[in-house]
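# Understanding the architecture of this molecule
These are the residues of each chain, in order.
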Amino acid sequence: MLRESEAGDRAAFVDLFASPEVGTYIGGARPRDELEGAVPEVPGRRPGLFVVELDGAMIGMITLDRRDAERRGHVRPEGGEAELGYLFLPRVWGRGYAAEACAAALAWFAGTFPGEPVVLSTRTANERAMRLAAKLGFTEVERFEEYGAEQWFGVLSPGTASG
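Nothing here was measured: the structure is a model prediction, and the numbers come from that model.

Analysis parameters
Residues numbered from 1 in each chain as written. Predicted model: local features only at pLDDT ≥ 70, side-chain atom pairs only at ≥ 80, totals over all residues. Heavy atoms only, no water. Core = buried A, V, L, I, M, F, W, Y, C linked by side-chain atoms within 4.5 Å. Buried < 20%, exposed > 50% of the residue type's maximum accessible area, 1.4 Å probe, protein only. Helix = DSSP H or I, 4+ residues; strand = E, 2+ residues; numbered from the N terminus. Contact = heavy atoms within 4.5 Å. Salt bridge = Lys/Arg side-chain N within 4 Å of Asp/Glu carboxyl O. Expected span 1.5 Å × (residues − 1).

This paragraph deals with the nonpolar core. Counting residues in each nonpolar core, the largest one holds 25 residues, and the members touching the most others are I62, L64, L84, L106, V118, L136 and F138. Counting only elements with at least two residues in this core, the list comes to β2 (49–54), β3 (57–66), β4 (82–88), α4 (97–112), β5 (118–123), α5 (127–136) and β7 (149–156). For this core, the element with the most residues is α4, which contributes eight residues. When sequence neighbours within four positions are dropped, the list of residues in contact with L64 reads G48, F50, E83, L84, A105, L106, W108, F109 and V118.

Now the structure itself:
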């Protein structure tokens, strides 16, 4: 189930960002004590952020944010495309929840913003993310160096989402 964040999700948000496994491809885990002081009571409550819930508990999050025009990787000259991002707790990896939840978020986006492309960027070394991008229907636009690693940048054209 996708939903807005709630106060009860705070511990899961801290777990996500403090996890060494989750941090592998996003610049590393953040110190738990730092997160405990920084994460608000109701974390992530904003448009474009969805909590992924399973059996009443948060297992991950999905974001659809506007890609910063200053970053490399765009399909429109002015930039600002919607960019899919996601993080899941390691205990649920490999079970298809990311694919199912991302497909649902992309379907919502396509219905809400018809005709708008969605982009995704991930490290080429992140094999799971590369497989998920392909499964969701993203096609490669380019590869480039960012954050000290090779990045894969792809686009999901309107009407091509799959699950």
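Right, let's talk about the pattern of salt bridges for a bit. Under the counting rule described, the total for this entry stands at 17 salt bridges. Here D15 and R32 are joined by a salt bridge, their closest N and O atoms 3.0 Å apart. Pair noted here: D15 is in helix α1 (residues 10–18) and R32 is in helix α3 (residues 32–38), with a separation of 17 residues, a long-range link. Here the residues in one salt-bridge network are R3, E6, D9 and E53, joined through shared partners.

Inspection of the secondary structure assignment puts A57 in strand β3. Taking relative accessible area as the criterion, A57 reaches 31% and is therefore assigned partly exposed. Separated by 19 residues in the primary sequence, A57 and R76 place their C-alpha atoms 37 Å from one another.

Once that is clear, we can look at α4. An α-helical turn contains 3.6 residues, so a residue and the one three or four places further along point in the same direction. End to end, α4 covers 22 Å across 16 residues, agreeing with the expected 22 Å (1.5 Å per residue, within 8%). When we look at burial in α4, the residues that qualify are A98, A99, A101, C102, A103, A105, L106 and F109.

Spatial relationships are all this shows, so hold off on functional conclusions.
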